[in-house]
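Results of the structural survey
Each chain is listed here by its residues.
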Amino acid sequence: MTGIDPDRPVRAVLVGAGHIADAVHMAAITELGPDEIVVDAVVEVDEARGAEFAAKWGVPFSTASLTEALTRRPDLVILCTPPTVHRDQVARCLAAGVTVWCEKPPALSLAEYDDMTSGEREGGPWAPIVFQQRFGSGSRHARDLLRSGALGRPLLAQCQTTWFRDDAYFAAPWRGSFCGDGGPVMALGIHQIDLMLDLLGTEWAEVSAQVVRRARDIETDDVAVAWVRFDDGTLATIANTPLGAAQQSRIRIDAERATVELSHLYGHGNDDWTYTPAPDVDAEEAAGWTNPLPDEHSTHTPQLRAVLADLRAGRRPAATGEDGRRALELVTALYKSALTGRTVARGSIRQGDPFHAALDGGRPVPERRS
């Protein structure tokens with residue numbers, strides 16, 4: 001794919017004019033500024049809402065038709081629609097030769113993801129997934145330290161998403177559903193899971209898990225725990241629930257020479273990361289682990305900036321293809337393990353497996369209210 005002229009802004013189409021587009025994506029677009037990116041059109045099935053959005057943000061064209069918007073030959077489509085329509089919309093954008101930045105959850109099954117990304121090509125177009133937790137300055141610095149070997153080999157990782165969502169939140173029929181939002185692990189926990197995978201930088205090998213529905217009247221689980229082994233021998237735990245009154249997003253990695261800890265809720269900055277050296281590490285060396293990067297929180301802005309840079313350079317963005325699939329495959333394997341009682345290896349869920357077609361593989365989640 002030929003890179004985009006650096007002397008002009010990237011022309012984008014924004015699909016979906018709901019809260020995530022209005023409050024989050026437009027904030028990132030505005031922060032980067034019109035020299036970097038302009039929204040040329042908005043697509044919204046509710047035409048009145050689309051027109052209102054266009055008027056508010058000065059978008060010159062509004063339509064209910066993605067096909068019509070694609071005829072304007074944008075450089076980028078930003079997809080802010082529910083996961084139930086991602087497969088069709090991503091596939092249509094890629095077929096039109098347009099890179100599409102897709103909100104999470106990327107898809108509701110591996111089959112959907114594989115279908116929707118089959119139109120990616122090595123030279124573009126691509127379908128990066130919104131995994132913005134990777135792109136804050138704190139996560140970039142931690143990844144560099146871990147990948148460089150400065151902290152020694154990772155030994156143990158802990159990944160925790162303990163948020164609180166009440167009954168009113170789940171009153172929407174698509175929430176807490178395997179065919180709606182995918183449930184709390186997919187809709188809430190996938191960000192920290194993806195960040196853990198990115199920080200460790202090695203493939204996971206197998207997973208064992210248990211899930212249960214304890215308190216919310218939903219189809220999916222509301223408590224999930226998994227144990228993961230990685231190819232390099234690192235062991236990890238995953239804990240996920242929407243029932244945590246003391247809300248926290250947390251990652252801890254115990255490496256040979258230091259413990260790396262991240263504690264935040266919906267987004268992190270440099271101050272949310274701590275590095276505790278092992279007793280035999282020289283204090284001067286440990287002081288060198290301080291993050292030198294300007295503090296940039298893990299909002300959508302740094303990932304969008306990276307996507308635009310990749311488009312201008314004509315190179316594949318992060319969180320596309322297999323890189324964008326890893327967290328979804330791990331979540332799928334988590335459910336297969338929990339609902340079959342077996343350890344599940346990476347790469348073993350293929351076409352024809354019921355868990356390839358659906359997160360729950362057609363099996364019910366156990367309920368334990370007592």
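Placed above this text is the structure.
The structure displayed is predicted, hence computed values, not measured ones. Per chain, the residues get numbers from 1 upward, laid out in the order the sequence is written. Totals for whole chains, interfaces and linings use every residue, but because this is a predicted model, local features are given only for residues with pLDDT of at least 70 and side-chain atom pairs only at 80 or more, for both listing and counting. Side-chain metrics in this entry use all non-hydrogen atoms of the structure; hydrogen atoms and water are not considered.

What about the layout of surface pockets?
In this structure, the largest pocket spans a volume of roughly 1,200 Å³. What lines the largest pocket is a set of 42 residues, among which His19, Ile20, Glu103, Lys104 and Trp174 lie closest to the centre. Helix and strand assignments follow DSSP, with helices taken as H or I runs no shorter than four residues and strands as E runs no shorter than two, numbered in order from the N terminus. Top contributing element to the lining of the largest pocket by residue count: helix 7 (residues 184–200), with 4 residues. As defined here, a cavity is a set of points on a 1 Å grid over the protein atoms alone where a 1.4 Å probe fits but cannot get out. A pocket is an open set with protein on both sides within 12 Å along at least five of seven lines, and residues line them when an atom is within 4 Å of a point. Grid points are joined across faces, edges and corners, and a volume is the space filled by probe spheres set on the points.

Notes on the sheet that holds strand 4 (residues 76–79)
Paired through their backbone hydrogen bonds, the strands of a sheet run either parallel or antiparallel. Across the sheet, which stays open at both edges, the 5 strands sit in the order 3-2-1-4-5 with parallel pairing between neighbours. Of all the strands in the sheet, the pair left with one neighbour each is strand 3 (62–63) and strand 5 (99–102). Pairing geometry for strand 1 (residues 10–15) and strand 4, over 4 bridges, is parallel. Paired with Val13 across the two strands is Val77, which belongs to strand 4. Here, strands pair whenever DSSP counts at least two bridges between them.

Things to note about the environment of Trp227
Following the sequence through the fold, Trp227 ends up in strand 8 (residues 223–230). C-alpha separation for the pair Trp227 and Gln210, spaced 17 residues apart in sequence, amounts to 9.2 Å. Residue contacts are defined here by distance: any two heavy atoms, one from each residue, within 4.5 Å place the two residues in contact. Here Trp227 is in contact with Glu206, Val207, Ser208, Ala209, Gln210, Ala236 and Thr237, once residues within four sequence places are set aside.

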